[in-house]
Amino acid sequence: MYNLDLVTGIIIAANAVLSFKGFDNRIFFERYKFNVGQIRRGDQIRMFSSGFLHVDLTHLLFNMLTLYFFAHTVILQLGTLNFIIIYVASLVFGNLLSLYFHKDEFWYSAVGASGAVTGVLYAAILLYPEMRLYMFFIPIPIPGYVFGVGYLLYSIYGMKNKLGNIGHDAHFGGAVGGYVVTLILMPSLFKTDLGHVALLSIPIIILFVLYKTGKLH
């Protein structure tokens, strides 16, 4: 799980280089961050470029460490090309969901690889649902599928209550991207592990129901 594959190293390096440039160059940061108003005016590059910018070093390190811990799991099972597809799709899915929920908030802005990284994390959990994960302040390992469901339920709570300065919708959208693309790339999971496939879909169904019934906000 802790091998640093070449493609993972390249992605981490790209995030680091562009994030540090954004730290030092506010014009660069403003030009490529996610911003609803600018995207709706046609500046679509922000849907992708914002995923390589971060607010500060802590934000960057947290995302890149998470990517480092889980990328190899996905690469090992699906290969390098499919990992890249999952990473990019999750980044875009995350920003699309964020754009959808904030479409009338022209001032809304965000940065970070969280959507892409959450997609990789959710893909890894889908591929190895029984993996053991440790949470802060909890000294016992948690099954991956429990963590995955719990994390997305927390994201729904964060979206509903606008909790903190965190892009919960981008995290959720990224996870959906990782979930959907992984199943497209490896449909055999429907036969070999339908139980976990169904279980990990529960938060997605809950979000859809909440949205359709007008209870999300």
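What counts as what
Residues numbered from 1 in each chain as written. Predicted model: local features only at pLDDT ≥ 70, side-chain atom pairs only at ≥ 80, totals over all residues. Heavy atoms only, no water. Helix = DSSP H or I, 4+ residues; strand = E, 2+ residues; numbered from the N terminus. Polar contact = N/O pair within 3.5 Å; in protein donor to acceptor, adjacent residues only side chain to side chain. Contact = heavy atoms within 4.5 Å. Salt bridge = Lys/Arg side-chain N within 4 Å of Asp/Glu carboxyl O. Buried < 20%, exposed > 50% of the residue type's maximum accessible area, 1.4 Å probe, protein only. pLDDT = per-residue confidence, 0-100.

**What about the environment of glutamine 44?**
For step 1, the next point in the chain: Counting through the fold element by element, glutamine 44 comes out in the loop between helix H3 (36-40) and helix H4 (46-49).
For step 2, the next point in the chain: Here isoleucine 39 takes part through its backbone oxygen, which lies 3.2 Å from a polar atom of the side chain of glutamine 44.

**Re the side chain of serine 50**
For step 1, the next point in the chain: Here serine 50 lies in the loop between H4 and helix H5 (57-78).
For step 2, the next point in the chain: A distance of 2.7 Å separates the side chain of serine 50 from the backbone oxygen of arginine 46, its partner in a polar contact.
For step 3, the next point in the chain: If we ignore the near neighbours within four places in the chain, the residues touching serine 50 are Tyr32, Lys33, Phe34, Asn95, Ala110, Val111 and Gly112.

**Considering the pattern of salt bridges**
For step 1, the next point in the chain: Inspection of the entire model under this criterion finds five salt bridges.
For step 2, the next point in the chain: Here aspartate 104 and arginine 40 are joined by a salt bridge, their closest N and O atoms 3.7 Å apart. You can see aspartate 104 sitting in the loop between helix H6 (80-101) and strand E2 (109-110) and its partner arginine 40 sitting in helix H3, a full 64 residues away along the chain.
For step 3, the next point in the chain: Relative accessible area serves as the criterion here: at 58%, aspartate 104 is assigned to the exposed category.
For step 4, the next point in the chain: For aspartate 43, the salt bridge goes to arginine 46, with nearest N and O atoms at 2.7 Å.
For step 5, the next point in the chain: Through salt bridges with shared partners, a single network forms among Arg26, Glu30 and Lys33.

**Quick look at the confidence of the model for the chain**
Detailed conclusions should not be drawn from predicted coordinates in areas where pLDDT is low.
For step 1, the next point in the chain: For the chain, per-residue confidence averages 89 on the pLDDT scale, and residues scoring 70 or more make up 94% of the total.
For step 2, the next point in the chain: Mean pLDDT across the elements of the chain ranges from a minimum in strand E3 (residues 132-135), with 74, to a maximum in helix H1 (residues 6-24), with 96.

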